[in-house]
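Read off the chains here:
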Amino acid sequence: MASGVKVTDEVIAVFNDMKVRKAQANEDEKRKRKKAILFCMSKDLKNIVLDEGKEILLGDLGTTVQDPYQHFVKMLPPNDCRYALYDATYETKETKKEDLVFIFWAPDNAPLKSKMIYASSKDAIKRKFEGIKHEWQVNGLEDLKDRHTLAEKLGGSSVVSLEGSPI
């Protein structure tokens, strides 16, 4: 079911920036890279836009943000839906990896209208986010509160650590 909602150029630019890891980036550029970001519907419900101020930058890690995963979970509104991109850093038994995860946050206590609009607009944003390997629909904090669930999504039992913390 398509909703006719448009994805703003700003949202697409953020996705492309997160997707392309610049190996030659200097320290300042690396610090400005986004670790996580939330997207929401515009006030008129016609566009998917950046949720202002709802982001974690790599430069925040170790300074204002100690555990990026827990900080991300706390950014999600308890009573409304959101889309999110989370740049997960994890380790399997064989190698270290980084993958973008597209998250559709639709808490059980969000208004029905909001859930319907976000659900019907999800395809619009997913079509713009080409190359996403992991998608996760989350309906409550209990699904998020421990990192095991995300580790399962990323690689099942082969994941041994997420964001530097053992699983």
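Here the structure is a predicted model, which is why all the values come from computation and not from measurement.

Chemist: Pulling in residues and values, what's your account of helix α1 (residues 9-19)?
Modeler: By the burial criterion, the buried members of α1 are Val-11, Val-14, Phe-15 and Met-18. Buried residues of α1, seen end-on, are gathered within an arc of 100° and therefore sit on one face of the element. In this structure, the buried residues of α1 make contact with β1 (6-7), β2 (34-41), β3 (47-57), β4 (82-92), β5 (96-105) and α4 (112-128).

Chemist: If you had to explain the pattern of salt bridges to someone new, which residues and values would you point to?
Modeler: Enumeration over the complete set of coordinates arrives at 9 salt bridges. As a salt-bridge pair, Lys-35 and Glu-163 come within 2.9 Å of each other at their nearest N and O atoms. You can see Lys-35 sitting in strand β2 and its partner Glu-163 sitting in the loop between β7 (159-162) and β8 (165-166), a full 128 residues away along the chain. The residue Lys-126 makes a salt bridge to Glu-135 at a minimum N-O spacing of 2.8 Å. Of the residues examined, Lys-126 reaches a relative accessible area of 32% and is grouped as partly exposed. On the basis of relative accessible area, Glu-135 is assigned to the partly exposed category, the value being 34%. Connected through shared salt-bridge partners, Asp-51, Asp-80 and Arg-82 make up one network.

Chemist: Can you break down the pairing of β3 residue by residue, with the values?
Modeler: Strand direction decides the pairing type here: β1 and β3, joined by 2 bridges, are parallel. Note on β3: the bridge partner recorded for Lys-6 is Asn-47. Here 6 bridges tie β2 to β3, and the two strands are oriented antiparallel to one another. Bridge assignment links Lys-34 to a residue of β3, and that residue is Leu-57. Hairpin geometry of β2 and β3 is characterised by an intervening segment of 5 residues between the two adjacent antiparallel strands and by a positive phi of about 60° at Leu-45.

Chemist: I'd like a description of the side chain of Asp-87, backed by residues and values.
Modeler: Looking at where Asp-87 falls in the secondary structure, it is placed in strand β4. Every residue in contact with Asp-87, bar those within four places of it in the chain, is listed here: Met-18, Arg-21, Arg-33, Lys-34, Lys-35, Glu-98, Asp-99, Leu-100 and Glu-163.

Chemist: Please give an account of the packing of aromatic side chains that cites residues and values.
Modeler: Summed over all chains, the structure comprises 8 aromatic pairs. Ring centres of Tyr-83 and Phe-102 lie 6.0 Å apart, and the angle between their planes is 20°; on these two criteria the pair is classed as stacked. Of this pair, Tyr-83 sits in strand β4 while Phe-102 sits in strand β5; the two residues are 19 residues apart in sequence, bridging distant segments of the chain. Phe-102 shares its class with Tyr-83; the two are buried. Note on Tyr-83 and Tyr-118: the rings are 5.1 Å apart at their centroids and 45° apart in plane angle, and the pair reads as tilted.

What counts and what doesn't
- Residues numbered from 1 in each chain as written.
- Predicted model: local features only at pLDDT ≥ 70, side-chain atom pairs only at ≥ 80, totals over all residues.
- Heavy atoms only, no water.
- Buried < 20%, exposed > 50% of the residue type's maximum accessible area, 1.4 Å probe, protein only.
- Helix = DSSP H or I, 4+ residues; strand = E, 2+ residues; numbered from the N terminus.
- Arc of directions from axis to C-beta.
- Contact = heavy atoms within 4.5 Å.
- Salt bridge = Lys/Arg side-chain N within 4 Å of Asp/Glu carboxyl O.
- Pairing = 2+ DSSP bridges.
- Phe/Tyr/Trp six-rings, centres within 6.5 Å; stacked < 30°, edge-to-face > 60°.

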